[in-house]
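Reading the structure
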Amino acid sequence: MSAKILDGKAIAAELRDSIQQEVEKQVALGKKPPGLAVIMVGEDPASQVYVRNKKIACQKAGFKDVSVVLPAETSQEEVLALIDKLNADDEVHGIIVQLPVPDHIDPEEIIERIHPCKDVDGFHPYNVGRLATRMPQLAPCTPHGVMTMLAKTGIPLRGLNAVVVGASNIVGVPMMLELLNERATVTVCHSATKDLAQKVSEADLVVVGVGIPNMVKGEWIKEGAIVIDVGINRMDDGTLCGDVEYDTAAQRASWITPVPGGVGPMTIATLLENTMQVAYHLDCKVK
């Protein structure tokens with residue numbers, strides 16, 4: 001078997017096009033364009049690239065970009081004050097703080113300070129709680145982007161045996177909740193899991209996000225399984241690879257995401273989608 005490719009670039013481009021069309025429609029009706037504020041503290045190189053890509057995506061979709069870059073020495077209180085200001089700004093529909101932040105900044109307090117209805121990253125405990133209780137409002141972007149990709153396979157998730165490798169609050173835990181809400185049977189594996197290979201080999205769907213190059217071996221993949229690789233790792237020779245041993249896995253899977261060009265593009269596209277929902281369609285439950 002040779003796997004079909006879940007092309008994240010193409011799916012993300014399709015989603016961004018639909019978002020742009022919706023924004024044009026709403027602006028023509030006299031509404032404001034969606035406003036997205038991206039706050040970055042310090043000069044982390046990877047964050048700079050990511051924020052720049054978000055800025056470009058905003059511009060192409062007709063959004064108002066309200067990005068703010070703060071010096072690394074900016075205090076916790078100053079960041080909180082900025083978030084309060086953006087929370088009160090009617091032209092700002094979404095706020096995210098680019099992680100990581102400097103060590104003197106408490107990311108949990110920062111995330112909780114963002115109003116849940118402007119938390120377009122979907123990290124606020126309120127939004128995670130709504131996802132857990134099957135009443136999603138703003139879902140974390142990477143897992144929700146994965147769900148958009150999975151829908152493109154045409155394979156019903158109901159009843160599938162799914163294994164999520166990695167239990168982070170950004171990917172693993174919300175991914176589990178998304179899959180449970182679609183009635184998959186989900187096992188979450190982590191650093192204390194015993195016999196990971198056996199658990200992966202039994203899965204109809206495998207989602208991996210641990211940040212360890214080629215950790216999940218291709219030979220572990222069940223024939224016909226769907227493989228979603230969230231990881232992206234730069235090797236010593238400058239090449240990029242995922243958390244799954246791609247070449248072997250692709251010979252066994254029915255569908256697989258490439259790295260790069262798989263899940264990555266969906267994260268920014270879903271961020272735009274969340275922001276558009278806040279601007280035009282979300283009936284926020286928190287006042």
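Residues numbered from 1 in each chain as written. Predicted model: local features only at pLDDT ≥ 70, side-chain atom pairs only at ≥ 80, totals over all residues. Heavy atoms only, no water.

For the rest of this paragraph, the subject is the overall build of the chain. A tally of regular secondary structure across the chain gives 10 helices and 12 strands. Viewed in the frame of its principal axes, the chain has a C-alpha envelope of about 50 × 45 × 35 Å. Within the chain, residue pairs in contact and separated by at least 24 positions form 72% of the contacts whose partners lie at least 6 positions apart. When the accessible surface of the chain is summed, it comes to about 13500 Å², and 53% of that surface belongs to carbon and sulfur atoms. Taking the average place of the 27 positive charges on the side chains of the chain and the average place of its 37 negative ones, the gap between the two points comes to 7 Å. (Helix = DSSP H or I, 4+ residues; strand = E, 2+ residues; numbered from the N terminus. Contact = heavy atoms within 4.5 Å. Areas by Shrake-Rupley, 256 points an atom, 1.4 Å probe, with all protein chains shown as cover. Lys, Arg positive; Asp, Glu negative; His and termini not counted. Charge placed at Lys NZ, Arg CZ, Asp CG, Glu CD.)

Here we come to the UniProt feature "domain: Tetrahydrofolate dehydrogenase/cyclohydrolase catalytic" (unreviewed entry) in the chain. The UniProt record annotates "domain: Tetrahydrofolate dehydrogenase/cyclohydrolase catalytic" (unreviewed entry) at residues 6-121. Helix makes up 49% of residues 6-121 and strand 14%, whereas the separation of the span's terminal C-alpha atoms amounts to 23 Å. (UniProt positions renumbered as here; feature names shortened; annotations may be inferred.)

So, about the UniProt feature "domain: Tetrahydrofolate dehydrogenase/cyclohydrolase NAD(P)-binding" (unreviewed entry) in the chain. Here the UniProt feature "domain: Tetrahydrofolate dehydrogenase/cyclohydrolase NAD(P)-binding" (unreviewed entry) sits at residues 140-279. With 36% helix and 17% strand, residues 140-279 has end C-alpha atoms that lie 17 Å from one another.

A full pass over the atoms with the stated rule returns one disulfide. Two residues share a disulfide in this structure: Cys117 and Cys284, whose sulfurs sit 1.2 Å from each other. Of this pair, Cys117 sits in the loop between helix H4 (107-113) and helix H5 (125-132) while Cys284 sits in the segment after helix H10 (264-280), and the two are 167 residues apart along the sequence. Note on Cys117: relative accessible area 7%, which makes it buried. (Disulfide = S-S within 2.5 Å. Buried < 20%, exposed > 50% of the residue type's maximum accessible area, 1.4 Å probe, protein only.)

Let us now look at the pairing of strand S6 (residues 161-165). When you tally the buried positions in S6, you get four out of five residues, the bulk of the element. In this structure, S6 lies alongside strand S7 (residues 185-189), joined through five bridges in parallel fashion. Bridge assignment links Ala162 to a residue of S7, and that residue is Val186. Handedness of the crossover joining S6 and S7 through helix H7 (residues 172-181) is recorded here as right-handed. Here four bridges tie S6 to strand S8 (residues 205-208), and the two strands are oriented parallel to one another. In the sheet register, Val164 faces S8, and the bridge partner there is Val207. (Pairing = 2+ DSSP bridges. Right-handed = clockwise from strand over helix to strand, strands pointing away.)

Before going further, it helps to examine the pattern of salt bridges. Between side chains of opposite charge, a pair can form as their charged atoms come close. Within the structure shown, the criterion is met by six salt bridges. Ionic pairing is found between Lys152 and Glu14, a salt bridge with its closest N-O pair at 2.8 Å. A residue pair is termed long-range when its members are at least 10 positions apart, and Lys152 in helix H6 (residues 141-153) and Glu14 in helix H1 (residues 8-28) qualify at 138 residues. Lys152 gets classed as partly exposed once you look at its relative accessible area, which sits at 41%. (Salt bridge = Lys/Arg side-chain N within 4 Å of Asp/Glu carboxyl O.)

A cis amide bond links Leu99 to the next residue, Pro100, at an omega of 5°. Looking at the secondary structure, you find Pro100 in the loop between strand S5 (94-97) and H4. Residue Pro260 is bonded to the preceding Val259 through a cis peptide linkage, with omega at 0°. Position of Pro260 relative to the elements: it lies in the loop between strand S12 (255-256) and H10. Even without glycine at this site, Asn214 takes up a positive phi of about 55°.

Moving on, we come to the environment of Ala250. Its place among the elements puts Ala250 in helix H9 (residues 246-250). Separated by 245 residues in sequence, Ala250 and Ile5 place their C-alpha atoms 8.8 Å apart.

For the pair H1 and H10, the least separation of the axes is 9 Å and the interaxial angle reads 20°. By the angle between their directions, the pair H1 and H10 is classed as roughly parallel. Pair H1 / H10 crosses with left-handed handedness. Taking contact as the criterion, the partners of Gly8, Lys9, Ile11, Ala12, Leu15, Arg16, Ile19, Glu22, Val23, Gln26 and Val27 in H1 are, on H10, Pro265, Met266, Ala269, Thr270, Leu272, Glu273, Met276 and Tyr280. (Axes fitted to C-alpha atoms, helices over the stretch in contact; angles between N-to-C directions. Parallel < 35°, antiparallel > 145°, perpendicular 65-115°, else oblique. Left-handed = near helix turned anticlockwise from the far one by under 90°.)

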